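Here are the chains, one letter per residue:
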Amino acid sequence: MFLLCPLEQLVEGKSRGFQRNGTAIVAVRKNQQVYAYVNRCPHRGIPLEWQPDDFLDYSAEFIQCATHGALFSISSGECIAGPCVGQGLEPLQVSIDAQQQVWVSELDD
């Protein structure tokens, strides 16, 4: 596990991008939960965001790929619309410690 950020840096209903240990990460805080995924579209293998920290669709209900508009469930990472339906984002395990620090799992090799 490695430190991603203090919980206060993740705003409810918003997304944020990070670079940690050579990995691009998207984190979303939704319904008081934090979800983290590798920032890579399963369809094209490219980053997801429109602009820095802008990963969500207009409704803020889904993570959206800027290249082709694929929509991913925030809670599961599963693609629910677009060319990669049935595929998903690579999830990272998230834990929040007693000091309200967000920790994320290392990628499996």
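Residues numbered from 1 in each chain as written. Predicted model: local features only at pLDDT ≥ 70, side-chain atom pairs only at ≥ 80, totals over all residues. Heavy atoms only, no water.

Considerations on the UniProt feature "domain: Rieske" (unreviewed entry) in the protein
The positions that UniProt labels "domain: Rieske" (unreviewed entry) are, in the present scheme, residues 2–84. Taken end to end, residues 2–84 has its terminal C-alpha atoms 29 Å apart, with 0% of it in helix and 42% in strand. (UniProt positions renumbered as here; feature names shortened; annotations may be inferred. Helix = DSSP H or I, 4+ residues; strand = E, 2+ residues; numbered from the N terminus.)

Structural notes on unusual backbone geometry
The phi torsion at Gln32 lies on the positive side, around 65°, for a residue other than glycine. Examined against the element boundaries, Gln32 turns out to sit in the loop between β3 (23–30) and β4 (33–38). Although it is not a glycine, Ala60 sits at a positive phi angle of roughly 65°. As for its position among the elements, Ala60 is in the loop between β4 and β5 (62–64).

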